[in-house]
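Commentary on secondary and tertiary structure
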6 protein chains.
Amino acid sequence: MKAAIYPGSFDPVTYGHLDIIRRASEIFDELTVSVLNNKTKTPLFSVEERVKMLKEATSDLPNVTIDSFSGLLIDYAAKKNINVAIRGLRAITDFEYELQIAQTNRKFSDGKLDTVFLTTSLEYAYLSSSTVKEIASFNGDISECVPDFVGRMIYEKYR
Amino acid sequence: MKAAIYPGSFDPVTYGHLDIIRRASEIFDELTVSVLNNKTKTPLFSVEERVKMLKEATSDLPNVTIDSFSGLLIDYAAKKNINVAIRGLRAITDFEYELQIAQTNRKFSDGKLDTVFLTTSLEYAYLSSSTVKEIASFNGDISECVPDFVGRMIYEKYR
Amino acid sequence: MKAAIYPGSFDPVTYGHLDIIRRASEIFDELTVSVLNNKTKTPLFSVEERVKMLKEATSDLPNVTIDSFSGLLIDYAAKKNINVAIRGLRAITDFEYELQIAQTNRKFSDGKLDTVFLTTSLEYAYLSSSTVKEIASFNGDISECVPDFVGRMIYEKYR
Amino acid sequence: MKAAIYPGSFDPVTYGHLDIIRRASEIFDELTVSVLNNKTKTPLFSVEERVKMLKEATSDLPNVTIDSFSGLLIDYAAKKNINVAIRGLRAITDFEYELQIAQTNRKFSDGKLDTVFLTTSLEYAYLSSSTVKEIASFNGDISECVPDFVGRMIYEKYR
Amino acid sequence: MKAAIYPGSFDPVTYGHLDIIRRASEIFDELTVSVLNNKTKTPLFSVEERVKMLKEATSDLPNVTIDSFSGLLIDYAAKKNINVAIRGLRAITDFEYELQIAQTNRKFSDGKLDTVFLTTSLEYAYLSSSTVKEIASFNGDISECVPDFVGRMIYEKYR
Amino acid sequence: MKAAIYPGSFDPVTYGHLDIIRRASEIFDELTVSVLNNKTKTPLFSVEERVKMLKEATSDLPNVTIDSFSGLLIDYAAKKNINVAIRGLRAITDFEYELQIAQTNRKFSDGKLDTVFLTTSLEYAYLSSSTVKEIASFNGDISECVPDFVGRMIYEKYR
């Protein structure tokens, strides 16, 4: 049984994330999407809200589980007994940063946690959670960026 | 059953390739390493020699099969009924080129062939088949780059 | 009549910006340089000061108008009925970020707002508003970075 | 009257090129698309064939003219009395190379020839003339890459 | 006598920094490692603590001196009468940023302060002060990242 | 005594190379500029011609010696008993490639040959030997790229 973790902020989940989730769920037998509880950042949505949104948005994917964690990914993965992390790549700057994280995680887990990268689909390459939030904060149309129920929750936050 | 293809020139296989092969063989149930028969290039080793070297170098990995192909990767993968290609990433220039290939393959296979990337281990980040060949051609020491039996075959070519 | 917008922070305007403004004013019939009123940042100069500096620094360019805006660029451009945004490019990191913004703007304006990029002249490639401010804050010489009257206004802020 | 040149190999023209041509034809009053006759390369199509394909593919754009040239772009632009070159950007590697060319052209034309960059539309970001030719050479489907009449001409070459 | 400065935050010094220091101390006759007192950042360690750690960690290198400075590097280097700055390079993003700083320093020192770059050793390429601090803050093992006495001082801060 | 090697093709030497040579000659006590005799390339100038041009162009720098070599740089540096190689950096693509070479040289010389990088001066950032040759081949003006006597030798080759 091949399992993988897809960690991230998902503040909120976008169609770009959902594209990675769907593709990773086809490549692996089990996929855990896990919201990072990063105490040094001020998110728009609470961890609970983000977990709930992810659950609703992935309800058609039977081998996908939603979870959350704080602390180091390598500790979380070890506890879950999972050896593969998934990350999506959009751009060069992403790549450099993600590469460093991937090397750090392999190093500090003694090779136990490997990272595999998927490239973001072209139609979502322009998308990021922060872009979606900025556009929504000025009342722009985000219907091509996030599922409708997520969009409604974002607009509510900015009202 | 999760299967993947690792396509490449492998002219010749290096410890960098073998690191990717070993890690991919742990992530997938079955891994096919396949030598691309690129008729527009002049390789040092024939396709047959490269297949033979790969077989010997991966003989301890029971879920790894060695093969070769010519033509488009998407046609080969469709015939094999495999939906995932593996690629190793070393550097920015790699990344851009590999990203384009991955997008092209997803596009032209109607989403059937996805690519997952692994990052080259740091200790092999300096390694490429062409570096190994250049050093060997000047009688340099390549024992940390390739298995011994591969090294002997390279020196023989340059004698 | 071909019109374009050059949006930016211009906090303060540098010779690098003025080089882009002059060149863009030769390529387009009308150029609107517009100061972004970004409420999440703490600028050194108020929007009004930045507009005034730009007006003085571009007074010899008859087809250049200075303005300011808040909110999304695509909304501002639609209201102005302008279809082209100008951006200067200095470096790779710039490029990735700017590319994403340009794609986002084309996408969210339904193709109505396109972005054209000019490359920063080599003699100004080292220049950024933040570098100028840092050097001025330590009483360094910025006479080759900004017009004299801008320099005086910067030193005044740090006194 | 604002005029621009879009120079390139166009061997053959793809939907990616046509996207740049259409967008540039909206930004400038007159656009000259000009095939570079590069004597050091072996193209698939002759300059005459490439000019003919471009003419047919842009016949609906009244302000677009097709031409060809050999030698330096700055000499050709000076003879045509045009001060702006257009280039499309796809990726980092592109960017670095194109930036150098743009700086060289500004330098060697004494500032007379400036370059403006447009970013390739996401849906064509995977496309290049050489990718199209490789796929066609293996009888792959290129109907989403080039106009039908161009596709037929490519297959004919490989027959 | 060839002297050089290696400026940085060193918050705290890592094996990556120590690798650059050792190599630079072999290339130059005298090396001054100097802690930047950046008043706009909140460091984990005071300037005095960072100087003390560097002194202990480089006590076996007789031609290395530890110092600290605030303000512009070019002013500090001029006062010290040193014409070369040393920087380590890890990645693309580093490179762009460092390149801009190096050009700025050459420009604003009238060519008196040049920068030479060394590439970080592969085994330390994953290392940064902030990675070390993040891992330590979750009680992770940092013994391969920093000397033992530095490690103890970091853990103490997070207790 | 601190000595360094600046290896390269120098086909032909440009003002960009001469800028690196002059700056490196101030940083090191002795600088050996050495022409690589690469048998797999077809240069415009013979190794002898390139050595002669470099000697004339650096005749005012007493601590610069001109030489040539074939084979691996690490073997040449070991024979010369020199531990530092100099390289100039222009761009991202350069950087990746040069980084790999530097790591390879450190690795295969057991840490004996280190590489230091200088950044190309902005006014020569557009310059490369191949650009100069292309412009000269079309009779363009290269007087700002190379010393006059080098320019005459290039035009002669293309006559």
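Everything in this summary refers to the structure shown in the same document. (Residues numbered from 1 in each chain as written. Chains lettered and ligands numbered in written order. Predicted model: local features only at pLDDT ≥ 70, side-chain atom pairs only at ≥ 80, totals over all residues. Heavy atoms only, no water.)

Before going further, it helps to examine the overall build of chain A. Helix and strand counts for chain A stand at six helices and five strands. Along chain A, helices (α) and strands (β) appear in the sequence β-α-β-α-β-α-β-α-β-α-α when read from the amino end. The globule rule puts the C-alpha radius of gyration for 159 residues at 15 Å, and the 15 Å found for chain A is close to it. Taken along its principal axes, the extent of the C-alpha atoms in chain A is 45 × 35 × 30 Å. Counting only residues that meet the buried cut, chain A has 58% of its 159 residues in that class. Sequence-distant contacts in chain A: of pairs separated by 6 or more residues, those separated by 24 or more amount to 75%. Of the roughly 7,100 Å² of accessible surface on chain A, a fraction of 46% belongs to carbon and sulfur atoms. Positive and negative side-chain charges in chain A, numbering 19 and 22 respectively, have mean positions lying 6 Å apart. (Helix = DSSP H or I, 4+ residues; strand = E, 2+ residues; numbered from the N terminus. Rg over C-alpha atoms; globule rule 2.2 N^0.38 Å. Buried < 20%, exposed > 50% of the residue type's maximum accessible area, 1.4 Å probe, protein only. Contact = heavy atoms within 4.5 Å. Areas by Shrake-Rupley, 256 points an atom, 1.4 Å probe, with all protein chains shown as cover. Lys, Arg positive; Asp, Glu negative; His and termini not counted. Charge placed at Lys NZ, Arg CZ, Asp CG, Glu CD.)

Here we come to the relation of the copies chain B and chain D. For the pair chain B and chain D, the superposition axis carries a translation of 0.0 Å, the fit reaches an RMSD of 0.0 Å, and the rotation angle comes to 120°. These values place the two chain copies in the arrangement generated by a three-fold rotation axis. Mapped onto chain D, only 18% of the interface residues of chain B are again interface residues, and the two copies thus contact each other with different surfaces. (Least-squares fit on C-alpha atoms with pLDDT ≥ 70 in both.)

The next point concerns helix α2 (residues 47-57) of chain C. Residues lying three or four places apart along an α-helix face the same way, a consequence of the helix completing one turn every 3.6 residues. Residue and element names in this part refer to chain C. Listed in full, the buried residues belonging to α2 are Val 47, Arg 50, Val 51, Met 53, Leu 54 and Ala 57. What you see down the axis of α2 is that its buried residues fit within an arc of 165°, all on one side. Across from the buried face of α2, at angles greater than 90 degrees, the exposed residues are Glu 48 and Lys 52. Close packing links the buried residues of α2 with α1 (15-27), β2 (30-36), β3 (64-69) and α6 (148-158). (Arc of directions from axis to C-beta.)

Our focus in this paragraph is the relation of the copies chain A and chain B. By a simple turn and slide, chain A fits onto chain B: the slide is 0.0 Å along the axis, the RMSD is 0.0 Å, and the turn is 180°. Such values leave the two copies arranged in the relation of a two-fold axis. Residues of chain A ranked by C-alpha distance from the rotation axis are headed by Phe 117 of chain A, positioned 2.4 Å from it. Interface residue correspondence from chain A to chain B reaches 100%, placing this contact among same-surface, isologous pairings.

This next bit is on the interface of chain A and chain B. At the interface, 26 residues of chain A touch 26 residues of chain B. Surface buried jointly by chain A and chain B totals about 2,300 Å² across both partners, of which 60% is contributed by carbon and sulfur atoms. Looking at the side of chain A facing chain B, the largest losses of area belong to Lys 2, Ile 27 and Thr 119 of chain A, adding up to 24% of the total buried there. Joining chain A to chain B, the criterion identifies two salt bridges. Salt-bridge contacts for Arg 23 of chain A lead to Asp 114 of chain B; the nearest nitrogen and oxygen are separated by 2.7 Å. Linking chain A to chain B there are nine residue pairs in polar contact (both at pLDDT 80 or more). Elements supplying a minimum of two residues to the side of chain A that touches chain B: α1 (15-27), β4 (84-89), α4 (92-108) and β5 (114-119) of chain A. Across the side of chain A that touches chain B, the residue classes tally to 13 nonpolar, five polar and eight charged. (Buried area = accessible area lost by both parts, 1.4 Å probe. Salt bridge = Lys/Arg side-chain N within 4 Å of Asp/Glu carboxyl O. Polar contact = N/O pair within 3.5 Å; in protein donor to acceptor, adjacent residues only side chain to side chain. Nonpolar A, V, L, I, M, F, W, Y, C, P; charged D, E, K, R; others polar.)

Quick look at the pairing of strand β4 (residues 84-89) of chain D now. Residues and elements named next belong to chain D. Counting buried residues along β4, five of its six residues qualify, which places the element largely inside the surrounding structure. Judged from the six bridges that link them, β4 and strand β5 (residues 114-119) form a sheet pairing that is parallel. For Gly 88, the partnering residue across the bridge sits in β5 and is Leu 118. (Pairing = 2+ DSSP bridges.)

Moving on, we get to the side chain of Thr 104 of chain C. Among the secondary structure elements, Thr 104 of chain C is positioned in helix α4 (residues 92-108). Sequence-distant contacts of Thr 104 of chain C, defined by excluding residues within four places in its chain, comprise Tyr 126, Thr 131 and Ile 135 of chain A.

Moving on: the packing of aromatic side chains. On inspection of all chains with the given rule, the structure shows 27 aromatic pairs over all chains. An angle of 80° between the planes, with centres 5.9 Å apart, marks the rings of Tyr 126 of chain B and Phe 108 of chain F as edge-to-face. Remark: Phe 108 of chain F occurs in helix α4 (residues 92-108) and Tyr 126 of chain B occurs in the loop between β5 (114-119) and α5 (129-137); the pair is interchain, linking two chains. In this structure, Tyr 126 of chain B and Phe 108 of chain F share a single accessibility class: buried. Taking the centre distance of 5.2 Å and the plane angle of 85° together, the rings of Tyr 6 of chain F and Phe 10 of chain F count as edge-to-face. Phe 10 of chain F shares its class with Tyr 6 of chain F; the two are buried. (Phe/Tyr/Trp six-rings, centres within 6.5 Å; stacked < 30°, edge-to-face > 60°.)

On to the interface of chain B and chain D. Taken residue by residue, the interface counts 11 residues in chain B and 14 residues in chain D. Taking both sides of the interface into account, the surface hidden between chain B and chain D amounts to around 1,000 Å²; carbon and sulfur atoms contribute 68%. The salt bridge involving Glu 144 of chain D is made with Lys 107 of chain B; its shortest N-O contact spans 2.8 Å. For the pair chain B and chain D, the interface holds two residue pairs in polar contact (both at pLDDT 80 or more). A total of eight residues in the side of chain B that touches chain D trace back to one element, the largest contributor, which is helix α4 (residues 92-108) of chain B. Counted by class, the side of chain B that touches chain D contains three nonpolar, five polar and three charged residues.

Here we come to the packing of helix α2 (residues 47-57) of chain A against helix α6 (residues 148-158) of chain A. Residue and element names in this part refer to chain A. At their nearest, the axes of α2 and α6 sit 10 Å apart, and the two run at 155° to each other. Between α2 and α6, the crossing angle belongs to the class labelled roughly antiparallel. Counted together, Glu 49, Met 53, Glu 56 and Ala 57 of α2 and Phe 149, Val 150, Met 153 and Lys 157 of α6 form the full contact between these two elements. (Axes fitted to C-alpha atoms, helices over the stretch in contact; angles between N-to-C directions. Parallel < 35°, antiparallel > 145°, perpendicular 65-115°, else oblique.)

One pass over the full model with this rule turns up 54 salt bridges over all chains. In this structure, Asp 11 of chain B engages Lys 133 of chain B in a salt bridge whose closest nitrogen and oxygen atoms are separated by 3.1 Å. Taken as a pair, Asp 11 of chain B in the loop between β1 (3-8) and α1 (15-27) and Lys 133 of chain B in helix α5 lie far apart in primary sequence, 122 residues in all. Accessibility expressed as a relative area gives 16% for Lys 133 of chain B, which makes it buried. Through salt bridges with shared partners, a single ionic network connects Asp 19, Arg 22, Arg 23 and Glu 26 of chain A together with Asp 114 of chain B.

Moving on: the environment of Ala 125 of chain C. Secondary-structure assignment places Ala 125 of chain C in the loop between β5 (114-119) and α5 (129-137). Considered as a pair, Ala 125 of chain C and Leu 89 of chain C are 36 residues apart in the sequence and their alpha carbons are 9.1 Å apart. Among residues more than four places away in sequence, those in contact with Ala 125 of chain C are Arg 90 and Thr 120 of chain C, Gln 100 of chain E together with Leu 122 of chain F.

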